[in-house]
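# Structural characterization, general
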Amino acid sequence: MTSTPSPPVPPRPAASVLLVRPGASCPVEVYMIRREKSMRFLGGFYAFPGGKVEASDGSEEALGRCRGVSAAAALATFPAAEGIPPLAFWVTAARELVEETGLLVGCDADGRPVDTRDQAVRDRVERLRQALVGEEAPFHVLLAREGWRLDLAPFRYLSHFITPTSSPIRFTARFFLCRAPADQPPALFNE
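The following refers to the structure shown. (Residues numbered from 1 in each chain as written. Predicted model: local features only at pLDDT ≥ 70, side-chain atom pairs only at ≥ 80, totals over all residues. Heavy atoms only, no water.)

## What to know about the packing of aromatic side chains
Evaluation of the coordinates by the stated rule reveals seven aromatic pairs. Plain terms: the ring middles of Phe 78 and Tyr 157 are 4.9 Å apart, the flat faces sit at 45° to each other, and that makes the pair tilted. With Phe 78 in the loop between helix 2 (71-77) and helix 3 (87-101) and Tyr 157 in strand 9 (residues 156-162), this residue pair connects regions lying 79 residues apart in the sequence. Under the relative-accessibility criterion, Tyr 157 is labelled partly exposed at 26%. Here the aromatic rings of Tyr 157 and Phe 176 are separated by 5.7 Å at their centres, their planes lie at 70°, and the arrangement is edge-to-face. Placement of Tyr 157 in strand 9 and of Phe 176 in strand 10 (residues 171-179) is noted, with a sequence separation of 19 residues between them. A connected cluster of aromatic rings, assembled from ring pairs, spans Phe 78, Phe 89, Trp 90, Tyr 157 and Phe 176. Lying over the aromatic face of Phe 78, Arg 174 brings its terminal NZ or CZ to 3.9 Å of the ring centre. Positioned over the ring face of Phe 89 is Arg 174, at 6.0 Å from the centre of the ring. (Phe/Tyr/Trp six-rings, centres within 6.5 Å; stacked < 30°, edge-to-face > 60°. Helix = DSSP H or I, 4+ residues; strand = E, 2+ residues; numbered from the N terminus. Buried < 20%, exposed > 50% of the residue type's maximum accessible area, 1.4 Å probe, protein only. Lys NZ or Arg CZ within 6 Å of the ring centre and 35° of its normal.)

Listed below in structure tokens is the structure:
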């Protein structure tokens, strides 16, 4: 008796960031994270910061907190799929960067960059990160509390990858290239 193979798992929309900076002894350094060995998907492997697109990443409120990339420009880059506006992938990339590295590529309402050289501002970013990881509120709500917006101009769309059909967990991931803010060193989140 032969068994019928099960159909492939549908891929979930996701975004990842190749975070780069000039290297001291090489032209460029790329930041990667080693995934916890206990994770269901690629546990123990190295990966770029990233994760699945949350429904709130594509909300009108979240998209309204974006500067630097318009909804029209995002749509010209790649089409909407599964009801997710393309700009939501940029929001996901920025959110995941905060969650996984502590880096906020943001600005105030007037477009001035969030200045993390000030310890009080760094503390605010860290509180936002902890609230985000603790799922206290959606990202756009946490940004609004601080009076910040996302500055998506540094995020350059790079590529699209869909996990092979043989994988039990699948993603349709959009990859972005982003230069690390000079005044913010990346740091893993420690619970």
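Read on, since the account is not over.
## A look at the nonpolar core
With 40 residues, the main nonpolar core has Trp 90, Leu 104, Phe 139, Trp 148, Leu 150, Leu 152 and Phe 155 as its most contacted residues. By residue number, the principal contributor to this core is helix 3, which donates nine residues. Not counting residues up to four positions away in its chain, the partners in contact with Leu 150 are Arg 65, Cys 66, Arg 67, Val 91, Ala 94, Leu 104, Val 105, Gly 106, Phe 139 and Leu 143. Of all hydrophobic cores here, the second largest spans six residues; its members include Ala 14, Ile 169, Phe 171 and Phe 175. (Core = buried A, V, L, I, M, F, W, Y, C linked by side-chain atoms within 4.5 Å. Contact = heavy atoms within 4.5 Å.)

## Things to note about the environment of Phe 78
On the basis of relative accessibility, which here comes to 4%, the residue Phe 78 falls in the buried class. Between the C-alpha atoms of Phe 78 and His 160, which are 82 residues apart in sequence, the distance is 9.6 Å. Discounting residues that sit within four places of it in the chain, Phe 78 has contacts with Pro 86, Phe 89, Trp 90, Tyr 157 and Arg 174.

## Brief notes about the packing of helix 4 (residues 119-133) against helix 5 (residues 139-146)
At their nearest, the axes of helix 4 and helix 5 sit 10 Å apart, and the two run at 155° to each other. Compared by their axis directions, helix 4 and helix 5 come out roughly antiparallel. For the element pair helix 4 and helix 5, the recorded crossing hand is right-handed. Two secondary-structure elements touch here, helix 4 through Arg 124, Leu 128, Ala 131 and Leu 132 and helix 5 through Phe 139, Leu 142, Leu 143 and Glu 146. Its residues placed into classes, the contact of helix 4 with helix 5 shows six nonpolar, no polar and two charged. (Axes fitted to C-alpha atoms, helices over the stretch in contact; angles between N-to-C directions. Parallel < 35°, antiparallel > 145°, perpendicular 65-115°, else oblique. Left-handed = near helix turned anticlockwise from the far one by under 90°. Nonpolar A, V, L, I, M, F, W, Y, C, P; charged D, E, K, R; others polar.)

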